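Below, each chain spelled out in residue letters.
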Amino acid sequence: MKTDYQTKYFRLLFFALLLTVFSVHAQTTVPFEKRYENSGINGDLTIIGNAILGESADTPYNGDGQNNDIDMVFIDIDNDSNTFNSSSAKFTTSNCNRVVYVGLYWGAVLSPDELEPTKIKFKIPGNSYLDIEADEQLDWIYYKDVTDIVTSNNSVSGDYYVANVSTSQGFNSSAGWSMVIVYEDPTESRKYISTFDGFSAVARSPNDVVDFSYSGFTTPPSGPVEGRVGIVALEGDQTRLGDQLLFKADGNAGFTALYDNENEVDNFFNGKITKDGSQVMDRNLNSTNTLGWDQKLLNLSDINVNNSLIGNNETGATVRVSSNNGRDWIYSFLNTFAINIIEPNLQVITSVEDTSNNSITHQSPVPLGSTVWYNIDFQNIGTDNADNTYILNSLPINVTLDENSMDLPAGVSYTFNQATRELRFDIDDSLVERKSLSTSHSIRYQVTASNECFDYSDACTNLLENSIVSYYDGETSGQNVSGQPGLNGINGCGLGSIGSMDLFVDTSSCSFDSELFFCNNTLTFSGDDGYDTYIWTNENGDVIGNAKEITVTGAGVYTATQRRTGCTETIRVVNVLGLDVTVTPSDA
């Protein structure tokens, strides 16, 4: 087995060999690729995390030393005998906010052969540890999408723990974990958010830079441009100078070195976990020197005086990691970018009322033959005017549209395709200007559900699903939005619930009986379409088949119980009559 020293030696030798072979700006062993992108969200991005090695197992380190000169040991703070190292970090957000993406990264400079670096323990607030395994390896770093794990919890706020990270102890060691979180917040400005990950070693020239380029956004046409840049890297030291994080908007000629109160222009990677110019202390251990685990969120607004760093109507930017001291490598693996943008955002909300204008709640039953109002409320709540706007509304089967009831605001016209059952509403640009200039508008019309039971015999045909999608362009941003789903409600926090306004026709009074005549040796007939399971029984209650189609050899009463997940169960009764049935003159 390799010793820690041997492992370090081989890794450094590997990068030294790359230096002699390639003439590139950085030694990138895993090319950086876009991991996550949201082109428009009212919300933000944050990063939490911690080191997993330190000078002490349970005491924060606040000195100015470096991991090369310290005999590093496991941090272990969870009082759990099943873990050999552990640390935690807190995430706090409003109950109204909604987490939409969580990516977890962990890794180490040195790792012993006998451990499994792809596996760790992960604990969310108020729960026990879970054993998880990486989705992907990024050289020394491992990545796992933990969105479903985090959002399954009753509360996403609280302490997150990572344990049993595969890492060696001793001199030159460094290890930790970071978790990037994207969340919706209706009080936040509209943002473009993106993350890149890979693995790159930056040192002296010619291997002194690695770039991350972002596009697909447009900053506001006026006013201050605000945003954040994030970076996570290994091996930054507080006393070694020459490493930088730089930024260049596409409209600017050159790069500008970034800085804040905790991260200097010429020593940006300094073994600290910071956000907006302050050390993040709601961690355990909360060392002010993490000894080689750098995690930064830098507020561009603090240094974007007069929009000199990134201006209005900007559509691209590049973030650069640079080092020119030659004494230390910076191993970057995660970069994040969030910027406020100009973008239209058409909010389309559907609802249903009875003919007395009483609200009918989502998935409520209505009687056969019911007439209801379908309501479509729309408003542009974005920061850019919309144009070329239209809404497609697919009517459910088994309803009849009353076109005489169509109630449209001025500036809205419609067409109805009977074959596709699709309503198209074309909306004048004046009705969908940006939020500060527009109000909500309403479209409404009546439909009547069929009162014939056999119209609802196939699976889910008694489900009246009223789906909505919208299409529009951004006047200034040029952004094209295609097929944006409608909402069936807005919660108390102002967050929308994607979905159609579904109702059920109550078919409990329906009888799906039929009569057939037995003329030959056998008779074959079928259940109704679209069900997952069919259970056929004879008049004695014996099960005689489990397929949609059944073949019988004699007269009798045959019953099919038909089921499909999410649909109403139906009972189909087939009365098979023999040839000895007497037909009276009145029947002829």
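Each chain carries its own residue numbering, running from 1 in the direction its sequence is written. The model is predicted, so local features are restricted to residues of pLDDT at least 70 and side-chain atom pairs to those at 80 or more, both for listing and for counting; the totals for chains, interfaces and linings are taken over all residues. Based on all heavy atoms of the structure, the side-chain values leave hydrogens and waters out of the count.

Engineer: Would you explain the overall build of the protein in this entry?
Structural biologist: Secondary structure is summarised from DSSP: a helix means a run of H or I of at least four residues, a strand means a run of E of at least two, and numbering begins at the N terminus for each. Along the protein, the regular secondary structure elements total two helices and 44 strands. Our radius of gyration is a C-alpha quantity, and the globule rule it is checked against amounts to 2.2 Å times the number of residues to the power 0.38. Its C-alpha radius of gyration of 32 Å places the protein more than 25% over the 25 Å reference for a compact globule of 588 residues. Each principal axis of the C-alpha distribution contributes one length, and for the protein these read about 110 × 60 × 45 Å. Buried positions account for 54% of the 588 residues belonging to the protein. The buried label goes to any residue with under 20% of its type's maximum accessible area, the exposed label to any with over 50%, and the partly exposed label to all in between, with areas taken from a 1.4 Å probe on protein chains only.

Engineer: Would you explain the sheet that holds strand E40 (residues 533–537) in this entry?
Structural biologist: Ordered by their spatial adjacency, five strands build an open sheet running E38-E44-E43-E40-E41, and the pairing between neighbours is mixed. Of all strands in the sheet, those bounded by a partner on one side alone are strand E38 (512–517) and strand E41 (543–545). Neighbour-to-neighbour, the strand axes of this sheet turn through a mean angle of 30°, independent of strand direction. When E40 meets E41, the two strands line up antiparallel, connected through two bridges. Along E41, the bridge assignment pairs Trp536 with Gly545. A pair of strands is treated as paired once DSSP finds two or more bridges between them. Axis geometry follows a simple rule: fit a line to the C-alpha atoms, using only the stretch in contact for helices, then measure angles between N-to-C directions, giving values from 0 to 180 degrees.

Engineer: Is there a simple way to think about the environment of Gly474 in this case?
Structural biologist: Within the secondary structure layout, Gly474 lies in strand E33 (residues 467–474). Among the residues examined, Gly474 registers a relative accessible area of 5% and is labelled buried. Linking Gly474 and Val447, residues 27 residues apart in sequence, is a C-alpha distance of 33 Å. Throughout, a contact is declared for two residues whenever any of their heavy atoms are within 4.5 Å. Beyond its immediate sequence surroundings of up to four residues, Gly474 is in contact with Pro344, Asp384, Asn385, Asp387 and Gln479.

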